[in-house]
Each structure stands twice: as structure tokens, then as C-alpha cells.
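# Working through the structure, step by step
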Amino acid sequence: YRYSDLDKMSKTLSYSLGTVANNTNYRVEITAVDSWDKESNTLTYEFKTGDAPDVPSELPAPYTELDFSGGTLKDSNDKLNITIKGAKVGKTALTFGGKTKEVDALNISAKGQYAVLKFKEYSASTITEFYNSEKGFSVEGLYINRKPSGSQGIICGTQEGGFGLATTDDGKPGICAYIGGASYYYTKDSNVASKTELTHVVATVVTLDGTTYTSIFVNGELVADDSKKGSVYVGKSTNSFGIGGDTDSKGGAADFPMTDFSIADLKIYKEALNKNQVKTAYNNALALFN
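Now for a quick tour of the structure. (Residues numbered from 1 in each chain as written. Predicted model: local features only at pLDDT ≥ 70, side-chain atom pairs only at ≥ 80, totals over all residues. Heavy atoms only, no water.)

### As for the packing of aromatic side chains
Given two aromatic rings, one states the distance between the centres and the angle between the planes to describe the pair. This is how the line gets drawn: A pair of aromatic rings is counted whenever rings of Phe, Tyr or Trp (Trp by its six-membered ring) have centres within 6.5 Å, and the orientation is called stacked for planes under 30 degrees apart, edge-to-face for over 60 and tilted otherwise. Counting from the N terminus, the helices are the DSSP runs of H or I reaching at least four residues and the strands are the DSSP runs of E reaching at least two. In this scheme, a residue with accessible area under 20% of its type's maximum is buried, one over 50% is exposed, and one in between is partly exposed, where area comes from a 1.4 Å probe on protein chains only.
Enumeration over the complete set of coordinates arrives at 19 aromatic pairs. When the ring of phenylalanine 119 is compared with that of phenylalanine 130, the centres are 5.1 Å apart and the planes differ by 45°; the resulting orientation is tilted. Note that phenylalanine 119 is positioned in strand β8 (residues 114-119) and phenylalanine 130 in helix α1 (residues 128-131), a separation of 11 residues in sequence. Both residues of the pair, phenylalanine 119 and phenylalanine 130, count as buried. Pairing tyrosine 178 with tyrosine 233 gives two aromatic rings, centres 6.5 Å apart and planes at 45°, and the pair type is tilted. Pair noted here: tyrosine 178 is in strand β12 (residues 172-178) and tyrosine 233 is in the loop between β16 (221-229) and β17 (240-243), with a separation of 55 residues, a long-range link. By relative accessible area, tyrosine 178 is classed as buried at 8%. Within the aromatic cluster, the residues linked to one another by ring pairs are Tyr63, Phe119, Tyr122, Phe130, Tyr131, Phe137, Phe163 and Phe241.

### Here we look at the side chain of threonine 187
The cut-off we apply is this: Two N or O atoms form a polar contact when they lie within 3.5 Å of each other; inside protein one atom must be a possible hydrogen donor and the other a possible acceptor, and for residues adjacent in sequence the pair counts only when both atoms belong to side chains. It only takes one pair of heavy atoms within 4.5 Å for two residues to be counted as in contact.
Tracing the backbone shows threonine 187 in strand β13 (residues 184-188). There is a polar contact of 2.7 Å between the side chain of threonine 187 and the side chain of threonine 214. Not counting residues up to four positions away in its chain, the partners in contact with threonine 187 are Gly174, Ile175, Thr214, Ile216, Ala224, Asp225 and Asp226.

### A few points about the environment of isoleucine 144
Position of isoleucine 144 relative to the elements: it lies in strand β9 (residues 137-145). Apart from residues lying up to four places away in sequence, isoleucine 144 is in contact with Leu94, Ser194, Lys195, Thr196, Glu197, Leu198, Asp260, Phe261 and Ser262.

### What about unusual backbone geometry?
You will see that aspartate 78, though not glycine, has its phi angle at about 55°, which is positive. Here aspartate 78 shows up in the loop between β4 (74-75) and β5 (80-85). Despite not being glycine, glutamate 160 has its phi angle at roughly 60°, a positive value. Along the chain, the position of glutamate 160 falls in the loop between β10 (152-157) and β11 (163-168).

Take a look at the structure:
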């Protein structure tokens, strides 16, 4: 009835159960329903999940790590060309984990201020190799957005394609990415980040077997994850990111701007970090204020 050509009908069907607990008994019941809503007998399958696998907690070396010291913005690994418009880099009194300290940071105080990071190893035509590596990628940031408004770029490169780590819905940390086509796809926290303290955030993206998996961690904890068929779509996206805004059509980062923003740490990894590695990154950030 639905498939005039039976060769086009799938022989198998898969369905994700999402996150399941370790060492736990489960029971799955499956019932077939035909085109006239006639139900088959129910098949039942019971199984028990195994113990949690050993998951490393040691962080890999970052692909790029920004250095905010000395009043300038540099890439410790020399993977980026960096330009700054209006934003200031210097010692800034910031609070994290309840402790206040003067640390090196990039600061934005008005619309139109931002920094642009441009990859040296990737062109606009090859940046898809970075986005869609089988190991994935991760972006780690330590930031504060004191005046959230709509969607604003923390580190964003979404000029009609690409990926961005942003604050959405007036302050909720999230991933905005083009996956499988030329439209935004969001994975975001349900809570608004602090307007008075730094927030540690890690976004991970990996594409496996035609599906892209996204996760967002806030202050060391997984707050949202999702999956969507397709890979990260590049479109007209360039090989650059904006800090404090999203890349624009003129080579800057004036779209979705921050207006009162500081960032004290930013790293990019060429693999998707696991939950233990994210926890290590969060503890390392806390140690900066101890």
C-alpha cells in the first residue's frame, strides 16, 4: 500500500533508546502495525547492560589554545590568524566557582567589538574536513555574558553553514550548527547562564555513519545532547570563527553580537571529548581561581 516498489522498502528498522544505565535489566516490546492499523502479536526481548567501560579522563593536547597574556591575543599552537576589532585584552577581575581573581581576558563592552580567528590549515573549501572528521571536534570556553539578548556568539562561524558555540534564548549556552542542510539546528541548555560569574562550557560534535551527534556541557555536567541525520553543512561558511559575535559576509564577526562579554579561556580539540575529559577541563578551569 505504501511501497508500490517493494525493493524501496527498508529491510531493517533501527530506533535509539537514548542513554541507558549500566548493569541494568531492560525489557523491550515490539509490535508491528500495518497500513490499516492492524497490530501483530508482540515480540518481547529482555537484556541486561554491561558495566561501564573505562573512559579516559586525561585531556588530549588542544589543536589550538588562545593565550590572553601580555595584553594581546595569541594562539599558543600557531594554528590561527587573529584580528581584533575594538575589543580589549588585559587583566580583568572575574569570578568563577565563587572566587574572584584578576586574570587575563578578552573584553567586549559595545556592539561591533569582536575578534576573528582564521584557520591557517583550512580554506573555505576544505573546512568541512575539520567539521566532519571521524573523531569529531570540541570547543571549550570560559566566558561571561552580562547582557544576554536573543542569540549571541561566544565562538561562532555560521555564515550560512558551519558551527557555533553561542548563548541562545537570552542567555542559554548552546550549539547552533547546520547539520544535513542549510538551516540552523540547536542543542542547548534549558537554563540561563550566570550574569555575574564565568561559565565553563564545552561543545562536542562528531559525525558517525551518517549521523551527527552534538553535546553541550556546562560547568562540567552534560546539559543537552542530540543527534541528527547528515553531516555538518558548510555552504558559504568560511574557515573562521568570531569571538563575541558570529562571522558576517564581510569577513568580520558583527552578526549576533555580544555587548558586555569577557572570555578568559578558549581551546579547540580535534576530537569529541568524553564526559570524564570534560570534567577534567572544568576542574582545570577551577584551579585557575584557587
